[in-house]
Every structure is written in structure tokens, then in C-alpha cells.
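Chain by chain, the residues run as shown.
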Amino acid sequence: MSIGRMIFSLLWALLVVPPAIGQAADASGEMAGTGYFRDQDTVPGSLRFYSQLPGGEGKLWGMGPGKPKIRRSSFKQDAHEGVANFGPEVRCKKCHIPQTKDLHYLRMGITCIQCHRSQPVAGVYHYYSPLNPIRRHAYVCAKCHEGATPSFASYMVHEPNPIASATRNSFPLLYYAVWIMLILAVGVFLFFLPYTALWWIREFFAKLKGRSSHGR
Amino acid sequence: MADERTRLKRFTPVHRLWHLGLILNFMILSVTGIAWMFFETPWGRGLANLFGGYSNTLQIHRIAGLVLLAGLALHLIYLLTRIDWKDFPRSLLGPETLVFQLVDVKGFIGHLGWVFGINKLPRFDRWSWWEKFDYWAVWWGLMIVGITGLMLYDPVLTSDYMPGWMLNVALWVHRIEAVLAMGHIFTIHFTVEHWRPSSFPFNAAMFDGTMDLEEAKHEHPEWVARLDKEGRLGEALATPPPVPLRILYFVFGYSIITLGVFLLVFAIANAALLTLF
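Residues numbered from 1 in each chain as written. Chains lettered and ligands numbered in written order. Predicted model: local features only at pLDDT ≥ 70, side-chain atom pairs only at ≥ 80, totals over all residues. Heavy atoms only, no water.

(A) Main features of the overall build of chain A. Along the backbone of chain A there are eight helices and zero strands. What you see in chain A, going N to C, is helices and strands ordered as α-α-α-α-α-α-α-α. In chain A, which comprises 216 residues, the share counted as buried stands at 28%. About 14,200 Å² of surface is accessible on chain A, with carbon and sulfur atoms providing 66% of the total. (Helix = DSSP H or I, 4+ residues; strand = E, 2+ residues; numbered from the N terminus. Buried < 20%, exposed > 50% of the residue type's maximum accessible area, 1.4 Å probe, protein only. Areas by Shrake-Rupley, 256 points an atom, 1.4 Å probe, with all protein chains shown as cover.)

(B) Structural context of the sheet that holds strand S1 (residues 7-9) of chain B. Residue and element names in this part refer to chain B. Taken in spatial order, the three strands make up an open sheet running S2-S1-S3, and their pairing is antiparallel. Two strands in the sheet have a free side with no partner beyond their single neighbour: strand S2 (210-212) and strand S3 (237-238). By the bridge criterion, three bridges tie S1 to S2 in an arrangement that is antiparallel. Across the sheet, leucine 8 pairs through a bridge with methionine 211, a residue of S2. (Pairing = 2+ DSSP bridges.)

(C) Main features of the pattern of salt bridges. Overall, the coordinates contain 13 salt bridges over all chains when judged by the stated rule. A salt bridge links Glu203(A) to Arg196(B); the shortest N-O distance between them is 2.7 Å. A residue pair is termed interchain when its members come from two chains, as with Glu203(A) in helix H8 (residues 172-209) and Arg196(B) in the loop between helix H8 (166-195) and helix H9 (205-208). The residues Glu203(A) and Arg196(B) share a single accessibility class, namely buried. (Salt bridge = Lys/Arg side-chain N within 4 Å of Asp/Glu carboxyl O.)

(D) Quick look at the nonpolar core. Counting residues in hydrophobic clusters, the biggest one holds 40 residues, and the most contacted among them are Trp199(A) and Val169(B). For this core, the elements supplying multiple residues, two or more each, are helix H6 (150-153) and H8 of chain A together with helix H5 (102-115), helix H6 (129-153) and H8 of chain B. If one sorts the elements of this core by residue count, H8(B) sits on top with 11 residues. Lining this core are residues from two domains, each supplying at least three of them: domain 1 (27-159) and domain 2 (170-215) of chain A. What Val169(B) contacts, discounting residues up to four positions off in sequence, is Phe171(A), Leu173(A), Leu174(A) and Ala177(A). Of all hydrophobic cores here, the second largest spans 26 residues; its members include Met27(B), Ala35(B), Phe38(B) and Tyr249(B). (Core = buried A, V, L, I, M, F, W, Y, C linked by side-chain atoms within 4.5 Å. Domains from an automatic or database assignment. Contact = heavy atoms within 4.5 Å.)

(E) Main features of the interface of chain A and chain B. Listed per partner, the contact involves 58 residues of chain A and 55 residues of chain B. Summed over both sides, the interface between chain A and chain B buries roughly 5,300 Å², with carbon and sulfur atoms accounting for 71% of that surface. Contact with chain B buries surface across chain A, with Arg107(A), Tyr195(A) and Trp199(A) losing the most and accounting together for 15% of the total. If you look at where chain A meets chain B, you find 16 residue pairs in polar contact (both at pLDDT 80 or more). Elements represented by at least two residues in the side of chain A that touches chain B include exactly helix H3 (103-106), H6 and H8 of chain A. Sort the elements by how many residues they give to the side of chain A that touches chain B and H8(A) lands first, with 22 residues. (Buried area = accessible area lost by both parts, 1.4 Å probe. Polar contact = N/O pair within 3.5 Å; in protein donor to acceptor, adjacent residues only side chain to side chain.)

Set out below in C-alpha cells:
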């Protein structure tokens, strides 16, 4: 090896290679991919805490939505395969009344197809379904919610009726939180409304009878 | 006549300013919140259109919520400066503070007895039990509605710190607490402060900062007696506010009351059109 080449190699190693090594070391991690769209992807080694869902973490002591309900069609590529009376022209809400009560549909007028994507509608857990939890955040929610993460996508769009007894098992925290708040609210009104009414009546009659009998 | 000192100082300018700010904020939050909650009904959509559609409505709601939380933080700082730290735990008690004490239990039972005509009206000091309740109800309400409101402020960011399904919970808790707060203010608070025969039609104490001395002798006799005994009654007296101010208080107060009742009535009338689950 000539001296010239040695110096060149040394310079090469000193000036060019180290950054390349650094990148290579990180690249392996990056290549694995986290699937997240936020800082975690763009800032390697970010220590920011985030919930990774689905995957078991962040279940908050099992108080969250439990195992999803799996239907006949949940794993089908065409959820409506073999469904009688189904046709692309039939409105979704003719058959799926419980799914028409979420705030996306009711308040924002977002159509079913904007989230369930294309005909034929895939079962939610079909491997290639856009709503499959492994890609739901990216394929569906992120269309409108910039930076949606899997944790975000664990929000239940078609939320169960929070006060129904079935919700105690399917989504305990929702059930208990809503019941506690309802009892608090109803309790306050049940106590204060009659109390205030009686109070008003009492003062009214005290006033009628004249101040002296007001009880002072 | 006008400079006769017939009124008793009750609220400082800071109290009145905060109450005014709370009113304005609460009403903005109520209108925008109800508009969003009732957005699927024509009435709710109409309300939201006043603010230029739902996204503006939500934006105003979010900003008003932040302002309210900032107000709460400032109030907390104010409280810390008001506490007599030298005599600390004991200074929290006594007739001048809003901390619930044994007298309030007695006051409550006595008042209940009076409502049913069993005993005489209890002799309240500066704060009656329901006035303390009103104060603390704002605290508890703001805590619940504030925490869930912050969670809903930016749902994507929130779900970095907790599972996204917490937003389902947060929205319901936020909603119920807000309905509780509005229902309480628009019925119970308005009745107790303004529509009771002894306050009807309008009680301006929180706007003007003073209350009628004769009225105070009936509603807060212990307070007046204590001030008298301590020789502070003279300095606590004030002249009635000038007539233009009184008119202003009345007009402002009744605009707010009308708005509250309007929201309440229409919310109840439209409740059947809401899809909750």
C-alpha cells in the first residue's frame, strides 16, 4: 500500500466513515420501523413516553375495552359475502343501526365509506382491511387526524352504550366512570331541585305573613 | 339620601372581577359546548352557525376552556397570598373563610328545619352553607371538566400519553359534568340568588360588592353582630351604587340569566332529538 493511499484511507476513515457507522447503527432500528408517525420515527432515541397500542401495554389495569367482538364476517375480505339483500346501493344504516350513533357520523357527517374505505367492505379484522388495528391509524384515522398513532386509533369510534350492563365487561372504565358521574349529577339534582323549590315556597309564605314571622 | 351608608361591603373588586370573568367564560363555554353537543339537531347547528360552523365553535370552546383554567390557576395563586401563613392550619377556620366547618353542618340542618317550619332560621355568619357549597362546586366541576377538557383539547397528542380509548371516557365525563354544571347554574343558582322572594328580582351583591345592611341582618345576622362587636361595622359600610351602575348590573345580569334559561329550555326541548348511544 502506498503512503498516499494510506493517508487517503486514514482520512477517509476519519472523516467519512464515522458518520456512516453512526447512521448504520441507527438504521437497523429505523428499518425495523415503529409504525408511528410522530417524533418517534423522525427523532431516533426520543425518550418521549407514548402508549403503544395494540400490544397489551397501556391497558390501564384491564379497565379498557376488552377483547373485541368477533363476528362471522370480521375476518372476511368481503364482509357482506352471502348477506341477503345486500347491494352496493343499499344504505349502510339500513342494516347497521348501532354503528350510526357515533359522533363522526352524526355530527361531522363523515360517511361510513370514508373509514371503511372501499367496496367490498372488508371485515374489520381481515388481514388486509384498512381498519385492521395494525394499520388503522395510518390508513384511516390519519387521513383526517394528522399524526394519528395506534394508541389514538384505539379510540372506539362505535362506542358501546356506556350505561348498558354489557359494557361493564366490554369497556369497564367507561361503564364505571359514566355511572359514577351520572349518580353524582342525578344526586345533586335530586337533592337541590326539591330543596330549592321548598325553600322558595317557605320564603314566599314567610313574606306573605310579614317579616316578623320569618323566623328571625 | 344617596350617600347614606346603607350597604355592607361583601366582595372585593378582585372577587367581583373573577366572578364576572367566570360568568363570561362559563356562558361562552355553555353556548359553544351545547352547540356541539346538539350539532345533529337543527337548533344546535343554528347555534354553531352563529360562530361560523362547528370548527370555529370548537376552537372558541377550546380557547375559552384554557382561559378558564388560567383563571383557576390565578385564583389558586390569589388564595395562597390570602392565607394567613403565620397561623396556618388554624387560620383556615373561622367565620371569614369558605372552608366547611362544623357550623355549616349545623347551619344546613337548621336551614332544613326552617324550610320545613320546624325551627327558626339559623343565624348565618358571613358565609352560609350553600354559599360555601357554590364556591366549592366550581372547584370540583372545574377539576373534572378541566382535566377531561385538556384531554380532548388535542386527542392525538393525548393518546401519546394514554391509550386512545381514554378519550371515549373523557368525552362522557366532560359531557355529564358540563350538563351538571349548567343545570345547576341555570336552575338552582339563579333561583337561590335571584328568584327567591327575598332576593327577587335581582341580587346585585356579587356585581356591586355590597349588600343591603337590613338584608344582611336577616340573612347573615351573626356576621353583622360580629362586625359590630369588633367595632368594624362602621368601616364595612358603603353607599349604594349610583343608579346608572345599578341599571347596568341589572341589564347585564338579566341578559345572562335569559341566555342561560334559553339554553336550558331549548336543550330540554331538543334532548329527545339527541343520539347518545
